[in-house]
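Architecture and fold: a report
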Amino acid sequence: MARLTGRRALFAAPVLLLVTFGMFAIAAASPFDPVRAYAGTAALGADQETLDRLRANLGVDQPFTGRWWDWLTSALTGDLGQSSVMRQPVAEVIGERLVWSALLCAVAFAVAVLTGTALGLLAARRQAGWLDRTVTSLAYTLSAAPVFWTALLVIWLFALRLDLLPAGGLTDTASEQVTAYQVASHLVLPAGVLAISQLPWFTLYVRQGVADALAEDPVRGARARGLSERTVLLGHALRSGLLPVLTLIGSRIPELITGALLVETVFSWPGIAAATVEAATAVDFPLLAALATLATAAVLAGNLLADLLYGLFDPRVKLSEM
């Protein structure tokens, strides 16, 4: 396990370097002017000399390679720079918002995995039956539904039409403090929408994995020994059928992050989505690089977690050989 983790860490270093360099290069080619975005309406009446001084103060008068190198050397010492659009250190911007994005993603991912496993197991138990056809059809339909469309639909239904849940935000409008109940009630819709975006893949993978396992000789032998259907299904077929799902966990991380950005924007969830959008439109180099590094690290960590889980649960795979 330590050997695999070490190799992946060595591989991650150049990947992160390329990602941050690419972000600075793309931002430098952007048509947005960071100086005018920083100054706002005041830039309309400012002369060129004032704008040039502001450009020098923000450090955007240098080539992007120089800005990237300055940011990288500072980041290695723990200083992620100053966000021009948020007017505060990048570390504070991420620290204030990351916990809410992590909460949203963790709840949605857990719901998607558990619900998808249950639906896939029920569908595989009676293949070609009405439940199997219903679950499979629903999964394919949801996989084609855009996240933002689903978000707008649930807002119209549960917040506006039925008035059961709040439409967005973290707490009630008149609330002066954050309570667990308010956070939980405001979390239901965005986490549900994000879970729905991931649910079809886990449902279909579990359904196919369990269906294949039920046709294998070990499972047939378990039935021949007189074991109950529940023991055969949960103790043998499900355990074997879940192995492909472990690899799916890592591959769904990028789409989970992308979906979270859209969901946070629609539901005004105070995560990193708003910071990402503002950083992109204002060409905030330090914040863009830090967010890109964070997203890339999450994807690499997800892939490593999938490999570790596969090696731990599949006796045919040895971590020392991976």
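Counting restarts for each chain: residues are numbered from 1 in the order of the written sequence. Given that this is a predicted model, residues contribute local features only at a pLDDT of at least 70 and side-chain atom pairs are listed and counted only at 80 or more, while totals for whole chains, interfaces and linings are drawn from all residues. With hydrogens and water set aside, each side-chain value is computed from the structure's full complement of heavy atoms.

1. Looking at the environment of Pro190
Worth spelling out the cut-off: Counting from the N terminus, the helices are the DSSP runs of H or I reaching at least four residues and the strands are the DSSP runs of E reaching at least two. Partly exposed describes any residue whose relative accessible area lies between the buried limit of under 20% and the exposed limit of over 50%, with all areas from a 1.4 Å probe on protein chains only and scaled to the type maximum.
The topology assignment puts Pro190 in helix H8 (residues 180–214). In this structure Pro190 comes out as buried when scored by relative accessible area, which is 1%.

2. Focus on unusual backbone geometry
With a phi angle near 70 degrees, Ala128 is a residue other than glycine that sits in the positive phi range. Relative to the helices and strands, Ala128 is located in the loop between helix H5 (90–125) and helix H6 (130–143). Residue Ala128 is classed as exposed on the basis of its relative accessible area, which comes to 56%. Non-glycine residue Ser268 carries a positive phi angle of around 55 degrees. Position of Ser268 relative to the elements: it lies in the loop between helix H11 (243–267) and helix H12 (273–281). Residue classification places Ser268 among the exposed positions, given a relative accessible area of 52%.

3. A look at the nonpolar core
The following threshold applies: Residues enter a nonpolar core if they are buried and are Ala, Val, Leu, Ile, Met, Phe, Trp, Tyr or Cys, with the set joined through side-chain atoms within 4.5 Å.
By size, the foremost hydrophobic cluster in this structure holds 42 residues, and its most contacted members are Leu104, Val193, Leu194, Phe202, Val210, Val263 and Phe267. Going through the elements one at a time, H5, helix H7 (147–161), H8, helix H9 (217–224), helix H10 (229–241) and H11 are the ones with two or more residues in this core. Looking at this core, the element that brings in the most residues is H8, giving 13 residues. Formed by 19 residues, the second largest nonpolar core is a distinct cluster that contains Val90, Ala279, Phe285 and Leu291.

4. Re H6
As a reminder, the rule being used: Multiplying 1.5 Å by the residue count of a helix minus one yields the expected span of that helix. It is the directions from the helix axis to the C-beta atoms that the arc portrays.
With 14 residues, H6 extends 20 Å from end C-alpha to end C-alpha; this agrees with the ideal 20 Å at 1.5 Å per step. All buried positions along H6 are accounted for by Asp132, Val135, Thr136 and Ala139. The buried residues of H6 occupy one face: seen down the axis, they fall within an arc of 95 degrees. Of the exposed residues in H6, those oriented more than 90 degrees away from the buried face are Trp130 and Thr141.

5. Considering the packing of aromatic side chains
Cut-off, in case you're wondering: For Phe, Tyr and Trp, where Trp contributes only its six-membered ring, two rings pair if their centres lie within 6.5 Å, and the inter-plane angle classes them as stacked under 30 degrees, edge-to-face over 60, or tilted in between.
Within the structure shown, the criterion is met by 4 aromatic pairs. Both rings, one in Phe21 and one in Trp68, keep their centres 5.1 Å apart while their planes meet at 85 degrees; by these two values the pair is edge-to-face. Placement of Phe21 in helix H1 (residues 2–28) and of Trp68 in helix H4 (residues 64–76) is noted, with a sequence separation of 47 residues between them. By relative accessible area, Trp68 is classed as buried at 15%.

6. Observations concerning the packing of H7 against H11
Convention followed: Between N-to-C directions, angles cover 0 to 180 degrees, with each direction set by a line fitted to C-alpha atoms, over the stretch in contact for helices. Note on convention: near helix rotated counterclockwise from far helix by under a right angle means a left-handed crossing. Clockwise means right-handed. What makes two residues a contact is simply this: any of their non-hydrogen atoms within 4.5 Å. In this classification, Asp, Glu, Lys and Arg are treated as charged, Ala, Val, Leu, Ile, Met, Phe, Trp, Tyr, Cys and Pro as nonpolar, and every other residue, Gly included, as polar.
Following both chains from N to C, one finds H7 and H11 inclined at 35 degrees, their axes separated by 9 Å at the closest point. Crossing hand, H7 versus H11: right-handed. Contact residues: Val147, Phe148, Ala151, Leu152, Val154 and Ile155 in H7; Gly259, Leu262, Val263, Val266 and Phe267 in H11. The class makeup of the residues in the contact of H7 with H11 is 10 nonpolar, 1 polar and no charged.

7. Topic: the environment of Gly116
Take Gly116: it is sitting in helix H5. With 83 residues separating them in the primary sequence, Gly116 and Leu199 have C-alpha atoms 5.4 Å apart. When sequence neighbours within four positions are dropped, the list of residues in contact with Gly116 reads Val111, Leu199, Phe202, Thr203 and Val206.

8. Let's talk about the confidence of the model for the protein chain
Basically, it comes down to this: Every residue carries a pLDDT, the predictor's confidence in it, which falls somewhere between 0 and 100.
Summing up the model confidence of the protein chain, the mean pLDDT is 81 and the portion of residues at 70 or higher is 86%. Ranking the helices and strands of the protein chain by mean pLDDT puts H7 first, with 91, and helix H2 (residues 34–39) last, with 66.

9. Structural notes on the packing of H7 against H8
Put simply, the test is: Roughly parallel refers to an angle under 35 degrees, roughly antiparallel to one over 145, roughly perpendicular to one between 65 and 115, and oblique to any angle outside these ranges.
Two elements in contact, H7 and H8, have axes whose closest approach is 10 Å; the angle formed by their N-to-C orientations is 140 degrees. By the criterion of interaxial angle, the relationship of H7 to H8 is oblique. In the packing of H7 onto H8, the handedness of the crossing is right-handed. Side by side, H7 and H8 meet where Val147, Thr150, Ala151, Val154, Phe158 and Ala159 of the first sit next to Leu189, Val193, Ile196 and Ser197 of the second.

10. Things to note about the side chain of Ser197
Topologically, Ser197 is positioned in helix H8. Leaving out residues up to four positions away in the same chain, Ser197 has contacts with Val147 and Glu255.

11. Some points on the environment of Met23
With respect to the helices, strands and loops of the structure, Met23 is situated in helix H1. With residues up to four places along the chain from it excluded, the contact list for Met23 reads Leu288 and Ala292.

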